[in-house]
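Structural characterization, general
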Amino acid sequence: METQVLPFTDDSIAEAGRLILAGEPVAVPTETVYGLAADATNAEAVARIYEAKGRPSFNPLIVHVPDLAAAQRIGEFRDDALELAHQHWPGPLTLVVRLRAGAGIASIVTAGLPTVGLRVPDHPAMQALLGASGRPLAAPSANASGSISPTRAEHVLRSLGGRIPLVIDGGAARRGIESTIVGATGGPLRLLRRGPIEIDAEAASGAGIESPGQMASHYAPSKPLRLRAEAAEPDEYLIGFGVIDGDANLSPGGDLVEAASRLFDLLHSADASPKARIAVAPVPDAGLGAAINDRLRRAAHRA
Ligand code: AMP
Ligand code: MG
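First things first, this report covers the structure right here in the doc. Not measured: the values here are computed from a predicted model.

A look at the packing of helix α1 (residues 10-21) against helix α5 (residues 124-133)
For the pair α1 and α5, interaxial distance at closest approach is 8 Å and the crossing angle is 55 degrees. Considering the angle they form, α1 stands oblique to α5. Two packed elements cross with a definite hand, and for α1 against α5 that hand is right-handed. Across the interface between the two elements, Ile 13, Ala 16, Gly 17, Ile 20 and Leu 21 of α1 pack against Ala 125, Ala 128, Leu 129, Ala 132 and Ser 133 of α5. Tallied by class, residues from the contact of α1 with α5 come to 8 nonpolar, 2 polar and no charged.

Right under this line is the structure:
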């Protein structure tokens, strides 16, 4: 794939909006770092973020929205979260709140969690793309896994060139560090990641910095899970892959983007089924398969 780099103009944003609606990820500047944005309501589009970054594991992604009203259609805001939103949005603050049922956010975005990280960005290019696509945009940093976050279009190109269709060049990202993250999902506010916005210790009392994504820990089904299953035992719900079919199939055609996009939905279905145990067919470890297998191993070895 050839990666186009276009300056931030009405035309390039229109092209980026078309790509987003076609399920492709696009790199776009925000006020923190360059983000790799995809339609948060389209699970396969979000899986392509992971594919492009070569990320070996799933973690919840931040969802960017144009304003607080759009955020409130996706998440449930307590008064203390609302107050922070009024104070700091648009800006580099992410609020983790309860996900509204039926909000349409793909389960791969929250990595299966019942919470969602939301942010209203303060950058004209990201705001223009939100407007052009009309979709909430999941957007982690636009770099290959393991390399540092990009603050210029050329950093994105060096890291993801050939793996994504388009980079919108909006010059240097002003802040250069990722958003502050505050959790408001139960108990006091919690500071989950330090960042450009100083949240005073009082406001985030009870806070201790936790490693990313650890607030609600990771989603894992409540039932025992067996890996690399070729067939189901009588009390098992089998999640198939490719030619090994089961009660459900991650991807009958063996497509890893499709498999990643369905992983969390099928784990939830298996957990809700009448069967006492879960089994999962072998998934190859290449590409997105590594992230899928990482999550399945964690689910199998849960404490
Ligand atoms: P980024 O890579 O900058 O998009 O940041 C993603 C980080 O946001 C994750 O690693 C989490 O720390 C945090 N985050 C996003 N959504 C959630 C969520 N639902 N629950 C907990 N943490 C979240
Ligand atoms: Mg990053």
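Alright, that's what it looks like, and here's the rest.
Digging into unusual backbone geometry
Here Trp 89 and Pro 90 are connected by a cis peptide whose omega angle stands at -5 degrees. Despite not being glycine, Arg 228 shows a phi value in the positive range, around 50 degrees. For Arg 228, a relative accessible area of 58% translates into the label exposed.

Examining the sheet that holds strand β15 (residues 277-280)
Strand order in the open sheet formed by 4 strands is β12-β15-β13-β14, and the pairing between neighbours is parallel. In this open sheet, the two edge strands, each paired with only one partner strand, are β12 (225-226) and β14 (248-249). Across 2 bridges, the pairing between β12 and β15 is parallel. Directly across from Leu 225, in β15, lies its bridge partner Ile 278. Against the sheet, helix α7 (residues 256-272) engages β12, β13 (236-240), β14 and β15, with an angle of about 165 degrees to β13.

About the cut-offs
Residues numbered from 1 in each chain as written. Chains lettered and ligands numbered in written order. Predicted model: local features only at pLDDT ≥ 70, side-chain atom pairs only at ≥ 80, totals over all residues. Heavy atoms only, no water. Axes fitted to C-alpha atoms, helices over the stretch in contact; angles between N-to-C directions. Helix = DSSP H or I, 4+ residues; strand = E, 2+ residues; numbered from the N terminus. Parallel < 35°, antiparallel > 145°, perpendicular 65-115°, else oblique. Left-handed = near helix turned anticlockwise from the far one by under 90°. Contact = heavy atoms within 4.5 Å. Nonpolar A, V, L, I, M, F, W, Y, C, P; charged D, E, K, R; others polar. Buried < 20%, exposed > 50% of the residue type's maximum accessible area, 1.4 Å probe, protein only. Pairing = 2+ DSSP bridges.

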